[in-house]
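The lines below spell out each chain.
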Amino acid sequence: MGSLEWMAWTLPTAIFFVTIALILTGMTVWQIISPGTERRGFLPMATTRGDRLFIGLLGSAFIHLGWIGLTDLSLWWALAISVAYLLAMMRWG
Amino acid sequence: MARIHLKNIAHSYEDKPRAEADFALREMDHVWQDGGAYALLGPSGCGKTTLLNVISGLIQPSRGQVFFDDQDVTNLSTQQRNIAQVFQFPVIYDTMTVFDNLAFPLRNRGFDSESVRQRVHEIAETLELTADLNRRALGLSADAKQKISLGRGLVRSDVAAILFDEPLTVIDPHLKWQLRRKLKEIHERFKLTLIYVTHDQNEALTLADQVVVMHEGQLLQAGTPQDLFETPQHTFVGYFIGSPGMNFMPCALEGDAAIVEGQRIPLGQATLAKASGIGGALEIGIRPQFLRLSAQREESGVPVTIAAVEDLGNYKIVTTRLGERSLKVKLPEDEAVPSEHGYLRFPREWTRLYADSQLVG
Amino acid sequence: MRIRKSTVGLIVYLIVVMLPIYWMLNMSLRSNADITGFFALYPTRPTLDNYIKIFTDESWYSGYINSIIYVSMNMTMSLLVALPAAYAFSRFRFLGDKHMFFWLLTNRMAPPAVFLLPFFQLYSTFGLIDTHFAVALAHTLFNVPLAVWILEGFMSGVPREIDETAYIDGYSFPRFFITVFLPLIRAGIGVTAFFTFMFSWVELLFARTLTTTAAKPIAAVMTRTVSASGLDWGLLAAAGVLTIVPGALVIWFVRNHMAKGFALGRV
Amino acid sequence: MEKWHDNRAWFLVLPVFLMVAISAIIPLMTVVNYSVQDIFGPGQRVFVGIEWFREVLGDSRLHDALIRQLIFSGLVLLIEIPLGVAIALAMPARGWGVSVSLVLLALPLLIPWNVIGTIWIIFMRPDIGLLGVLINGLGIPFDHPTAPLDAWVTVVLMEVWHWTPLVALLAYAGLRAIPDAYFQAARIDGASAWATFRYIQLPKMRGVLVIAVLLRFMDSFLIYAEPFVLTGGGPGNSTTFLSIYLVKLAVGQFDLGPAAAFSIIYFLIVLLFSFVFYQALQRIGTGDKPGDRR
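None of the values given here were measured: they were computed from a predicted structure. (Residues numbered from 1 in each chain as written. Chains lettered and ligands numbered in written order. Predicted model: local features only at pLDDT ≥ 70, side-chain atom pairs only at ≥ 80, totals over all residues. Heavy atoms only, no water.)

Chemist: Would you mind showing me how to read the arrangement of the chains here?
Modeler: When the four pairs of chains in contact are compared, the highest contact count belongs to chains C and D. No interface is formed between chain A and chain B, the nearest pair of C-alpha atoms being 17 Å apart. Structurally, chain B and chain C remain out of contact, their C-alpha atoms never closer than 11 Å. (Contact = heavy atoms within 4.5 Å.)

Shown next as C-alpha cells:
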C-alpha cells in the first residue's frame, strides 16, 4: 500500500466509497436480473431506478451539508434522514 | 383561385449565367388553367422544385414574368401571392398543437379568433384531424404531420393554387394511396388549381388531368396522360413515360420507309408528309406495346434475334436484337414467343419519327 | 445588393471583438518606454524588438513548442478514445448508458483547482511530473467528455441503414468504422478536433502545476515578465499575440471543415 | 430511431471510462480523503471528521464568494445567451462571409486564459489602454483597480467578450441544421420575422442551447484565470469568485483539509445546478414527449 499513501486513505472514507461501489454493483445486478423501466412518480419527470438513485444520493449529500451547516447535532441523525429520504425516493419518486 | 401564366420565365442560381447549362430553368412559356390538376413530372434535379418555387414566389426568376389571372405578381412576395405549398418532408411547428398549427396562417393574417376556430375545425374535419386537434404536433406520425402541412395550405379560403413538392415521399405505401385519394377529393371539392411535383409516373398519371414533363430545366411536353403515351413530343418523354420506355433507333429515310440497320420500316403517310426536307439526326420510336412479334415472316416484317424473355406476371418483356440495336417488346402473358429468331412488325400508325429528339410526325 | 441591418450589427460586433486583440498587436510593436510614455492609436515608432527577444531566447520559444506538443498529444488521445465511445452512445442502448453519459459531463463540472493537488501527487507517484504526457492526460479530463458529446451528435446524424448495409456486405466492425464511417463524419471530427485543441491550448492551471521546466507551457512562461521595474508590457503583448497565432492558423486551415461541420448543425 | 440493445457496447466505452477514471475518480477520492483529515506533511495526518466541513460552511467569506459567483454566472448567462443567438441570426448562411465570421468569432476562444486577463489589463488601463482612455475621455471616471463596480463591469465585459462567440458558434450550428423548407413554409404561412424566430428557429435550436447554457454555466461558475490575472480578486474581495478563493485557500495558505472540503461542496453545487438545468432544458417545449429528440 506504500504507493497509495499519497491518497491518504482513512477507514471512514474507505467505508464510504466501498458502500457507494456496493450500491452501484447492486443496482447493476438488479437491473440485469429484472430490468426496470421509466416511470413517473411524484417527481416532475419520468425516471429510471438509476435516475432516482442519483437524485437520492445528491439529495442526501445536501441533507448532510445542511445538517452540518445548521445544527451541532450528531451526524448520525443526518444519515438516518438521508437513508429514509433515499428509500422514499427509490420507492415513490 | 387563378390561372397562372409563366411568361418567358428562365432562372439561374448564378449571378451572371453564361452558358445554357448555368440555367436551372431554361426559357419557357406555360399557362396553368384555373382549377386544373397538374402533375409536374421529371427525374431528380430537372428543375421541378425550382419551377414550383418560382410560382410560389420563394424564388425570383432571373427573367420573365409570372401572372396570376391578369395580375403581374413577379415582384410580389410569397405572402401576397396567396399560394399554399406542401413540401417533401412534413413541416410542422414543433411547439404548437395541431390546432395552433392549422390556425397559424390565419392568425398571421389577422383573422379574428372566432373565424379562425370555425375554419380550422372545418379543415380538420375534411382531413380527419379533429381528434388530434389538441395534441402536440411533434408526436404525430409522418402522414398526420403531412396532413397538417396540407391543412395549413387549405385553411386559407383564398389561395390561388396549392403546390405539392413530392409530398408523399416519407409516407408508408398503404397510406400513400389514402392520402392521394384525399387530395383528389379535396381538389374536386375546393376546385383549386393544383400542381403536383413527382418523379413517380404512376402518381402523376393517376392524380392529374394534365401532365407536364420536364428534363434538364426544359418543359418538354404538357398534355393528358394519353397524349404523352401515344405521341411523345420529345424522345425523353417517350423514354421516361411508360414501362419499359419507348424504343428508339437511329435511321435514314428512303422513299416511304425508314432504314434501320439495312432493314426497311415503312412509315405512315402523315409522318412522311411532315418528314419531307427535314434535317438533323433522325430516329424512329415505337412503344413496346405496339410492336408485333411473330415466328413466321409476314408482310414488312423485320428479322430479329431473341435475346431475353422476362416474365412479369400478367405480361412479358421480350428483348430482341436488330443488328446492333435492341428493342423491347411487351407481350400479353399468354402469347407464345418464338425461340431464337422472329419477325417484328412496326404498325405504321404507332411508328414515330424524331429529328434531333423532337417529334416530326 | 441590399445590406441588411443585422449584417451591419454583425460587422460592428466583429470589429468590437477585434479591438482588444488589435490593441495587443499595437503594443507588441512598441517599446516598453513608448507604451508607458504616451497613448497612441497605432505604433508611431514601430519596433520588432519584442518579437526578436522571444524568438531568440530559448526559455521563451521552447514554451511554444511545449504547448504545441502537449496540445497535439491531447487532441490525438481524446479523439482516439472518444470516437468508439461516441459510436456506442449513438448506436446502442446498454446498461447504464445514460448515467455514464451524464457522469462524463460531470467531469467538466469539477473545479480544476480541486484536482490540482491530487493530480500533482498522482503524477509524482508515476514519475510523470514535468512531462508533456502528464499535461495531455490531465487535459483529457475535460476534453474527452466534450469530444464524446460533440461526436455523438454528429454520429446520430448518420442513418443507421449505412451501418446495417455495411455489416450485411460483410464488413468487420473495425474495417467498417475506419473505411466507411469515419469518412462520413469527417467534418464532425474536424469540429471536435478544433474544440479539443482550443480547450487544451487555453488551459493554464493544470499545465502550470504539472510542469516545472522541461514541459512548461508558454502561458506559464509569460508570468515571468514581472521584474523589479514592473511589467514589460511590450514583451507581454508580443508573447500574447504569438499565443493566438497557432490557434488562428489551425482555424484558418479548418475553416471550410468548420463551416461544413457547423452546417451539419450537430454540435 | 430505436437503438440496438447490446451490452457489448461497453467495450467501446471502456477506454473512455478507464481514462476518465484515472483522471477523475482517483483524484476525487483523494480529495474526499483530504477533507476529513488534518495534513501536516507526508505521512503526518490526523483524522478530524467533519471539522473542515463545519468550518467551511460557517465561513462568511465563502458565503460572500458564493453569492458573488451566482450573480456573476447569472449575469453572464443573461447577456451571453441572447447576444450569442442574435449574432448567430445575423451571420450569413453561405458565401465567403461564413468563413470570415467563423474565424473572427473563434479568435477570442483561442487565447490562453491568463493571456486574456493580460490583454484586458492593458486594454482597460486608464492611461494607456484603448477602452480605458475612451471611457475616461467620455468624462466617466473609470478605474477598475480601485473601484469595485468598475472592476465588476470590467470582468463581466471581458467574460462576455471572451465567451459570447462560443454561444454564437453553437447557435449558428443549430440554425444551419434547420431545413430550408421550414423557412419557406413560414413565408407561405405569412409568418413575421418574430414568429419565424419564436416558432421555428428557437425550438430547433433547443438542443444546442442546452449545450451552450450548460457549458457557459459550468465554465463561468468555475472561472479562475481571467479575473485572477485581471483583478487578483480585488479591489478588496469584490471580484473574489469561488475558484479564486479556493486557490487562495489551497495554494496560498496551504490549508489542504478546508480546501478539500470546500471543493466537495463547490462540486456538489455545480452538479446540482447542472442537473436541474439539464433536466429542465431537456423538457422545455417537448411537452408530454421527453427524450424524443435529444
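Chemist: What is the right way to look at the packing of helix 3 (residues 60-90) of chain D against helix 11 (residues 242-252) of chain D in this model?
Modeler: Pairs of packed helices are described in terms of their axes, by the angle between the two and the distance that separates them. All names here are of chain D. Running from N to C, helix 3 and helix 11 point in directions that differ by 150 degrees, and their axes come no closer than 8 Å. With respect to their mutual orientation, helix 3 and helix 11 come out roughly antiparallel. Listed contacts from helix 11 to Arg-61, Leu-62, Ala-65, Leu-66 and Gln-69 of helix 3 are Leu-242, Ser-243 and Tyr-245. (Axes fitted to C-alpha atoms, helices over the stretch in contact; angles between N-to-C directions. Helix = DSSP H or I, 4+ residues; strand = E, 2+ residues; numbered from the N terminus. Parallel < 35°, antiparallel > 145°, perpendicular 65-115°, else oblique.)

Chemist: Quick question: what am I supposed to make of the interface of chain C and chain A here?
Modeler: In many reports, interface size means the accessible area that the parts give up when they come together. Taken together, the contact between chain C and chain A spans eight residues of the former and ten residues of the latter. Summed over both sides, the interface between chain C and chain A buries roughly 650 Å², with carbon and sulfur atoms accounting for 74% of that surface. The largest share of the area that chain C buries against chain A comes from Leu-95, His-99 and Thr-125 of chain C, three residues that together contribute 59% of it. Inspection of the region where chain C meets chain A yields zero salt bridges. Our count for the chain C to chain A interface comes out at one residue pair in polar contact (both at pLDDT 80 or more). Counting only elements with at least two residues in the side of chain C that touches chain A, the list comes to helix 5 (97-106) and helix 6 (112-125) of chain C. Sorting elements by how many residues they give to the side of chain C that touches chain A places helix 6 of chain C first, with four residues. Within the side of chain C that touches chain A, the residues separate by chemical class into four nonpolar, three polar and one charged. (Buried area = accessible area lost by both parts, 1.4 Å probe. Salt bridge = Lys/Arg side-chain N within 4 Å of Asp/Glu carboxyl O. Polar contact = N/O pair within 3.5 Å; in protein donor to acceptor, adjacent residues only side chain to side chain. Nonpolar A, V, L, I, M, F, W, Y, C, P; charged D, E, K, R; others polar.)

Chemist: What is the right way to look at the pattern of salt bridges in this model?
Modeler: When charged atoms on two side chains of opposite charge get close, those side chains can pair. Considering all chains together, one arrives at 23 salt bridges over all chains under this definition. Between Glu-27 of chain B and Arg-63 of chain B there is a salt bridge, with its nearest N and O atoms 3.5 Å apart. Of the two residues, Glu-27 of chain B sits in strand 2 (residues 23-32) while Arg-63 of chain B sits in strand 4 (residues 63-68), which places them 36 residues apart along the sequence. Judged by its relative accessible area of 49%, Glu-27 of chain B is partly exposed. On the accessibility criterion, Arg-63 of chain B (41% relative accessible area) is partly exposed. Residue Asp-189 of chain D pairs with Arg-152 of chain B through a salt bridge whose shortest N-O separation is 2.7 Å. Of this pair, Asp-189 of chain D sits in the loop between helix 8 (180-188) and helix 9 (193-221) while Arg-152 of chain B sits in helix 5 (residues 142-154), placing the two residues on different chains. Among the residues examined, Arg-152 of chain B registers a relative accessible area of 3% and is labelled buried. (Buried < 20%, exposed > 50% of the residue type's maximum accessible area, 1.4 Å probe, protein only.)

Chemist: Help me understand the packing of aromatic side chains, please; the structure alone is not making it clear to me.
Modeler: Both the distance between ring centres and the angle between the ring planes are used here to describe each pair of aromatic rings. Taken as a whole and assessed by the stated rule, the structure comprises 51 aromatic pairs over all chains. On the basis of an interplanar angle of 15 degrees and a centroid distance of 5.2 Å, the ring pair of Phe-236 of chain B and Phe-240 of chain B is categorised as stacked. On the criterion of helical spacing, the pair formed by Phe-236 of chain B and Phe-240 of chain B is a turn pair, its members being four residues apart in helix 9 (residues 235-240). The residues Phe-236 of chain B and Phe-240 of chain B share a single accessibility class, namely buried. With centroids separated by 6.5 Å and ring planes inclined at 5 degrees, the aromatic side chains of Phe-142 of chain C and Phe-206 of chain C adopt a geometry described as stacked. Here Phe-206 of chain C lies in helix 11 (residues 205-209) and Phe-142 of chain C lies in helix 7 (residues 132-156), a separation of 64 residues in the sequence. Of the residues examined, Phe-142 of chain C reaches a relative accessible area of 12% and is grouped as buried. These aromatic residues form a ring-pair network of at least three members: Tyr-87, Phe-92, Tyr-167, Phe-173, Phe-176, Phe-177 and Phe-181 of chain C. Looking at Lys-330 of chain B, its charged tip hangs above the ring of Tyr-315 of chain B, at a distance of 4.3 Å from the centre. The ring of Tyr-171 of chain C has Arg-175 of chain C sitting right over it, with the charged end atom 4.3 Å from the ring centre. (Phe/Tyr/Trp six-rings, centres within 6.5 Å; stacked < 30°, edge-to-face > 60°. Lys NZ or Arg CZ within 6 Å of the ring centre and 35° of its normal.)

Chemist: I would appreciate a short explanation of the sheet that holds strand 16 (residues 292-294) of chain B in the present structure.
Modeler: Residue and element names in this part refer to chain B. Ordered by their spatial adjacency, five strands build an open sheet running 16-20-17-18-19, and the pairing between neighbours is antiparallel. Of all strands in the sheet, those with a lone pairing partner are strand 16 and strand 19 (325-332), marking the two edges. The sheet shows a mean angle of 45 degrees between the axes of neighbouring strands, direction not considered. Looking at chain direction, strand 16 and strand 20 (residues 341-345) are connected through three bridges and run antiparallel. Paired with Arg-292 across the strands is Arg-345, a residue of strand 20. (Pairing = 2+ DSSP bridges.)

Chemist: Explain the sheet that holds strand 22 (residues 358-359) of chain B to me, please; I cannot follow it from the model alone.
Modeler: Across a sheet, strands are paired by hydrogen bonds formed along the backbone, either parallel or antiparallel in direction. Residue and element names in this part refer to chain B. Taken in spatial order, the four strands line up as 11-15-21-22 in an open sheet, and their pairing is antiparallel. Two strands lie at the open edges of the sheet, namely strand 11 (247-250) and strand 22, each paired on one side alone. Sheet topology note: the strand 21 (residues 352-355)/strand 22 ladder contains two bridges and is antiparallel. Within strand 22, the position partnered with Tyr-354 by the bridge is Leu-359.

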